Amino acid sequence: MFKVEDIRKDFPILSRKVNGKPLVYFDNAATSQTPQQVIDVIVDYYSNYNANIHRGVHTLSQEATDLYEQARQKIQSHFNAKFSHEIIFTSGTTHSINLVANGFSSLLKKEDNIIVSALEHHSNIVPWQMLCERTGATLKVIPMNEDGELIMSEFDKLLTEKTKLVFVNHVSNALGTINPIEYIIEEAHNVGAAVLIDGAQSSPHIKPDVQKLDADFYVTSAHKICGPTGVGMLYGKEKWLKKLPPYQGGGEMIAEVTFEKTTYADLPHKFEAGTPNICGGIAFGAAIDYMNSVGFDTIASYENELLDYGTKKLLEIEGLKIYGTSKNKTSVISFNIEGIHPYDIGSILDKLGIAVRTGHHCAQPIMDYFKIPGTVRASFSFYNTKQEIDTLIEGVKKAKMMLS
């Protein structure tokens, strides 16, 4: 049986106070908190194994290398990649996306088009705009509706034989919408297009099977999944990773270097130039272990309870509107109160020890669609409680009273 109070004991930060009030942390879509089990792995690395990897013959280097590559295998297993060399360590989701976008610069022609969705984070818009500027390819957008769902009939119309790439997030960071990526991947493959799935927001809630999904690329960040910042993952099918040129040059990604010619290392090192975030990679693996020890079915069930409870309670507040009302969504609630700027609500909530996110959430096209400057976003994790949601409700009511 899931006992949230036991889980909360794993997270030291949840016991602190902010502005004299017990911390209520509802900014999980921006970054999750880190359990003691992962913190211990970070301390252990720097205390006992700190050395550069892959190159050293000495014991510390070999031990650090083993731990780092074991973490890669944990991530491979979690996402069910076919090979461990299909897992590329990056600095995060944005780095992963840019790596792929840069690689396709040499594969696209002027008459080609690529497709993104209206629900994307800026990191899954701007790199593709830059790619189109470099290649002359056309960027097309799958539109959304009032519920915050993609209009699939319009996606069908956008797909042609000239579509080479489709990019869509698994879950919207601003609205929580879970997109029908299975359909998107299948239809894109029917016209020969490759598909990249931005899994930054899905990975904390869903355990993706990249082989079952048949995704060509899947990207995420460790800090969304109870891990550290500064490290993430690019999964790519072997055939695609072999086609793409290296993103950066330097040590580690080479086979042989002369001043006349350089040959590149095999996967995954071809895309991992320089000294990586060794400790971050090892801690990423530890975070995956921790999340699996809680269990993703358990996490999904409990977070859906929080979502239903929070939605019901918030909608009881007069003048409050929720944006993103898809039936298929994760534990994110974006809302505004009529006549009040979201920033002002967020500022008052902070004084009460409640951490929410306000603004456009790096998803400005969504806000433009709704003709709003931004939203207040409360995003729940499996270590949050209904009592904390009650505190949020009282805080929102107080903010409304003060600002009306």
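All of these numbers come straight from a predicted model, not from anything done at the bench.

## Concerning empty space enclosed by the protein
Rolled over the atoms, a probe with the dimensions of a water molecule shows which regions are left empty. Overall, the coordinates contain 1 cavity of 30 Å³ or more when judged by the stated rule. Of the volumes computed, that of the largest cavity is approximately 70 Å³. Every residue along the wall of the largest cavity is listed here: Asn28, Ala29, Ser32, Ala200, Gln201, Pro204, His205, Lys224, Glu303, Phe380 and Ser381.

## Some thoughts on the sheet that holds strand E9 (residues 217-221)
Read across the sheet, 7 strands follow the order E4-E10-E9-E8-E7-E5-E6 without closing on themselves; strand pairing throughout is mixed. Either end of the sheet is taken by a strand with one partner, and the two such strands are strand E4 (87-90) and strand E6 (138-142). Within this sheet the neighbouring strands show an average axis-to-axis angle of 20°, counted without direction. Relative to E4, helix H3 (residues 59-79) is tilted by about 120°, and along the sheet it contacts E4, E9 and strand E10 (232-236).

## Details of helix H4 (residues 93-103)
Count 3.6 residues to each turn of an α-helix, and residues three or four apart come out pointing the same way. Across the 11 residues of H4, 8 count as buried, placing the element largely inside the fold. Burial in H4 covers these residues: Thr93, His95, Ser96, Ile97, Leu99, Val100, Ala101 and Gly103.

## Description of the pairing of E10
Where burial is concerned, most of E10 is hidden: 5 out of the 5 residues are buried. Alternating positions in E10 separate into two faces, Gly232, Leu234 and Gly236 on one and Met233 and Tyr235 on the other, with burial throughout. When E4 meets E10, the two strands line up antiparallel, connected through 4 bridges. Residue pairing across strands places threonine 90 opposite glycine 232, the latter belonging to E10.

## A few points about the sheet that holds strand E14 (residues 332-337)
Strands sit in the order E13-E14-E17-E16 across an open sheet of 4 strands; the sheet is antiparallel. The sheet terminates laterally at strand E13 (320-323) and strand E16 (357-359), the two strands that pair on one side only. In this sheet, neighbouring strand axes are inclined to one another by 30° on average, regardless of whether the strands run parallel or antiparallel.

## Remarks on the packing of helix H2 (residues 36-48) against helix H10 (residues 278-294)
At a minimum axis separation of 9 Å, H2 and H10 run at an interaxial angle of 150°. Viewed along their axes, H2 and H10 adopt a mutual orientation that is roughly antiparallel. Crossing of H2 over H10 shows right-handed handedness. Only Ile278, Cys279, Ile282, Ala283, Ala286, Ala287 and Tyr290 of H10 make contact with H2, whose side of the interface consists of Gln37, Val38, Val41, Ile42, Tyr45 and Tyr46. Grouping the constituent residues of the contact of H2 with H10 by class yields 12 nonpolar, 1 polar and no charged.

## Focus on the pattern of salt bridges
What the rule picks out here adds up to 13 salt bridges. Between arginine 8 and glutamate 388 there is a salt bridge, with the nearest N and O atoms lying 3.2 Å from each other. Placement of the pair is arginine 8 in helix H1 (residues 4-8) and glutamate 388 in helix H14 (residues 386-403), with a sequence separation of 380 residues. Under the relative-accessibility criterion, arginine 8 is labelled buried at 15%. The salt bridge partner of glutamate 316 is lysine 312, with a shortest N-O separation of 3.4 Å.

## Points about the environment of lysine 74
As for its placement among the helices and strands, lysine 74 is situated in helix H3. Judged by relative accessible area, lysine 74 falls into the partly exposed class, the value being 33%. As a C-alpha pair, lysine 74 and glycine 319 span 245 residues in sequence and 47 Å in three-dimensional space. Dropping the residues within four chain positions of it, lysine 74 is found in contact with Gly285, Ile288 and Asp289.

Definitions and cut-offs
Residues numbered from 1 in each chain as written. Predicted model: local features only at pLDDT ≥ 70, side-chain atom pairs only at ≥ 80, totals over all residues. Heavy atoms only, no water. 1 Å grid on protein atoms, 1.4 Å probe; cavity = no way out; pocket = protein on both sides within 12 Å on 5 of 7 lines; lining within 4 Å. Points joined across faces, edges and corners; volume = space filled by probe spheres on them. Pairing = 2+ DSSP bridges. Helix = DSSP H or I, 4+ residues; strand = E, 2+ residues; numbered from the N terminus. Axes fitted to C-alpha atoms, helices over the stretch in contact; angles between N-to-C directions. Contact = heavy atoms within 4.5 Å. Buried < 20%, exposed > 50% of the residue type's maximum accessible area, 1.4 Å probe, protein only. Parallel < 35°, antiparallel > 145°, perpendicular 65-115°, else oblique. Left-handed = near helix turned anticlockwise from the far one by under 90°. Nonpolar A, V, L, I, M, F, W, Y, C, P; charged D, E, K, R; others polar. Salt bridge = Lys/Arg side-chain N within 4 Å of Asp/Glu carboxyl O.

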